[in-house]
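Examination of the molecular architecture
Next come the chains, spelled out residue by residue.
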Amino acid sequence: MSALLLLYHEVLGMGLPWLDGVQHPRTPKRIIFSVLTVAEVVALLSALSADMALLARLLYGTSTRLMEGLRLRVKDVDFDLGVVVEL
């Protein structure tokens, strides 16, 4: 829309009265993220069942997405070094 306005107003010297009623797109609202305190993380993880707590700790500690954690296989974990290996 800005390019059309520049073309018609500045280059061609013409007005576009029909374009006055067209609304500009709205900018999306930003999502405000909050960071949990250490006490809140401990309370959250302690409220989960054992298997869900293990997954939640893995996701929290490695900053992985949910599906990445769910698709994790035993061969993706190096137990000797204590690291998750990306293959």
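What counts and what doesn't
Residues numbered from 1 in each chain as written. Predicted model: local features only at pLDDT ≥ 70, side-chain atom pairs only at ≥ 80, totals over all residues. Heavy atoms only, no water. Helix = DSSP H or I, 4+ residues; strand = E, 2+ residues; numbered from the N terminus. Rg over C-alpha atoms; globule rule 2.2 N^0.38 Å. Contact = heavy atoms within 4.5 Å. Areas by Shrake-Rupley, 256 points an atom, 1.4 Å probe, with all protein chains shown as cover. 1 Å grid on protein atoms, 1.4 Å probe; cavity = no way out; pocket = protein on both sides within 12 Å on 5 of 7 lines; lining within 4 Å. Points joined across faces, edges and corners; volume = space filled by probe spheres on them. Nonpolar A, V, L, I, M, F, W, Y, C, P; charged D, E, K, R; others polar. Buried < 20%, exposed > 50% of the residue type's maximum accessible area, 1.4 Å probe, protein only. Salt bridge = Lys/Arg side-chain N within 4 Å of Asp/Glu carboxyl O.

Per an unreviewed UniProt entry, the protein chain goes by the name Tyr recombinase domain-containing protein and belongs to Castellaniella ginsengisoli.

Looking now at the overall build of the protein chain. The helix and strand tally for the protein chain stands at four helices and two strands. The order of α-helices and β-strands along the protein chain, N terminus first, is α-α-α-α-β-β. For the protein chain, the C-alpha radius of gyration of 26 Å lies well beyond 12 Å, the compact-globule estimate for 87 residues. Dimensions of the protein chain along its principal axes, counting C-alpha atoms only, are 75 × 35 × 20 Å. Nonlocal contacts in the protein chain, meaning residues at least 24 apart in sequence, comprise 3% of its contacts between residues at least 6 apart. Accessible area of the protein chain: about 8,200 Å², with a carbon and sulfur share of 63%.

A few words now on the layout of surface pockets. Volume-wise, the largest pocket comes out at about 290 Å³. Lining the largest pocket are 13 residues, and of these T64, E68, L72, V84 and E86 lie nearest its centre. Contributing elements (two or more residues each) for the lining of the largest pocket: α3 (50-62) and α4 (66-70). Class assignment for the residues of the lining of the largest pocket results in five nonpolar, three polar and five charged.

Take H9: it is sitting in helix α1 (residues 2-11). Accessibility expressed as a relative area gives 43% for H9, which makes it partly exposed.

With that settled, the discussion passes to unusual backbone geometry. You will see that S63, though not glycine, has its phi angle at about 55 degrees, which is positive. Looking at where S63 falls in the secondary structure, it is placed in the loop between α3 and α4.

With that out of the way, let us pick up the pattern of salt bridges. Per the stated rule, a full pass over the model turns up two salt bridges. For E68, the salt bridge is made with R65, and the minimal N-O distance between the two is 3.3 Å. Taking relative accessible area as the criterion, R65 reaches 62% and is therefore assigned exposed. In this structure, the salt-bridge partner of R73 is D76, at a minimum N-O distance of 3.4 Å. Using a relative accessible area of 44% as the deciding quantity, one classes R73 as partly exposed.

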